[in-house]
Amino acid sequence: RVSATLACLLLGGCSLSTPQKPTELSGITQQLLIRSLERALAQLDIDQVKSRNVAVEVFLQAGPETFVREFVVSWLRAHGVRTVADSPEFKVKAFASVFGTDTDTTLIGLPAFQAPVVNVPVPEIALFKWYKNRGQAELRLYAFDGKTDLIVNAPRPGIGHAKHDKFTVLLIIGFTLSDLEQRD
């Protein structure tokens, strides 16, 4: 009877535990994402919608939707696009088909491992190590007539890339190559 009560309390305690919050994006990842988005936006041809009243909708396949939506709309406004809510001349739909980061590592040396039998951790011994972090954004605009919903413009997509690489050479020299500080 006591064991049954104890088991119920244990199971009840497990069911009331709060779920873990997803991991926040690192600063480098955030910089890679925003730089690649800025570079993709800079490649877009917005001349046809610049001097018109435009309603803008932004669609994102993955990522922080609200932030990307506000950033794209603000960028368009800063570059001469007049955004309106009622009776637009054009309806612009912006699709962010790619918005994310990739990482990779190249190691010449000995990776960290657990020594067999004695179960002792052996640290990594890197003669050369290259951490590659890449950000990529792909953005496509479609402009539709405000009254008829017929497509009036579909310029080439804007594609933006950003990188942040970290190197270790012969265990004693470390350096970083990055293009995150360059703004277009």
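All figures in this text were calculated on a predicted structure; none of them were measured in a lab.

Chemist: A description of the environment of L177 should follow, citing residues and the corresponding values.
Modeler: Topologically, L177 is positioned in strand β9 (residues 173-178). Its relative accessible area of 43% is what places L177 among the partly exposed residues. In the structure, L177 is positioned 45 residues away from K132 in sequence and 9.8 Å away in space, judged by C-alpha atoms. Sequence-distant contacts of L177, that is, excluding residues within four places in its chain, are made with H164, D165 and F167.

Chemist: Which residues make up the packing of helix α2 (residues 27-42) against helix α3 (residues 65-78), and what values go with them?
Modeler: Helix-helix packing is described using two parameters, namely the angle between the two axes and the distance between the axes. Remark: α2 packs on α3, axes separated minimally by 11 Å, with the N-to-C direction vectors making an angle of 40°. Classified by the angle their axes make, α2 and α3 are oblique. The crossing of α2 and α3 is right-handed. Contacts between α2 and α3 involve I34, L37, E38, L41 and A42 from the first element and F67, V68, F71, V72 and W75 from the second. The residue makeup of the contact of α2 with α3, split by class, is 9 nonpolar, no polar and 1 charged.

Chemist: Summarise the side chain of E38; cite the residues concerned and give the values.
Modeler: One can find E38 in helix α2. Since its relative accessible area comes to 16%, E38 is described here as buried. When residues no more than four places from it in sequence are discounted, the contact partners of E38 are F71 and R183.

Chemist: An account of a nonpolar patch on the surface is requested, with residue identities and associated values reported.
Modeler: Nonpolar side chains collect at one region of the surface, where I108, L127 and L170 lie side by side and expose about 290 Å² of accessible area between them. Mapped onto the elements of the fold, I108 is located in strand β3 (residues 90-110). Taking relative accessible area as the criterion, I108 reaches 48% and is therefore assigned partly exposed.

Chemist: Go over unusual backbone geometry with me, naming the residues and quoting the values.
Modeler: The phi torsion at S87 lies on the positive side, around 40°, for a residue other than glycine. The class for S87 is exposed, based on a relative accessible area of 69%. Phi is positive for N119, close to 55°, though the residue is something other than glycine. Along the chain, N119 falls in the loop between β4 (113-114) and β5 (121-122). We classify N119 as exposed; its relative accessible area is 54%.

How each quantity is defined
Residues numbered from 1 in each chain as written. Predicted model: local features only at pLDDT ≥ 70, side-chain atom pairs only at ≥ 80, totals over all residues. Heavy atoms only, no water. Helix = DSSP H or I, 4+ residues; strand = E, 2+ residues; numbered from the N terminus. Buried < 20%, exposed > 50% of the residue type's maximum accessible area, 1.4 Å probe, protein only. Contact = heavy atoms within 4.5 Å. Axes fitted to C-alpha atoms, helices over the stretch in contact; angles between N-to-C directions. Parallel < 35°, antiparallel > 145°, perpendicular 65-115°, else oblique. Left-handed = near helix turned anticlockwise from the far one by under 90°. Nonpolar A, V, L, I, M, F, W, Y, C, P; charged D, E, K, R; others polar. Patch = residues over 30% accessible without salt bridge, like charges linked within 9 Å, V, L, I, M, F, W, Y side chains within 5 Å. Areas by Shrake-Rupley, 256 points an atom, 1.4 Å probe, with all protein chains shown as cover. Salt bridge = Lys/Arg side-chain N within 4 Å of Asp/Glu carboxyl O.

In short, shape yes, function no, at least from these values alone.
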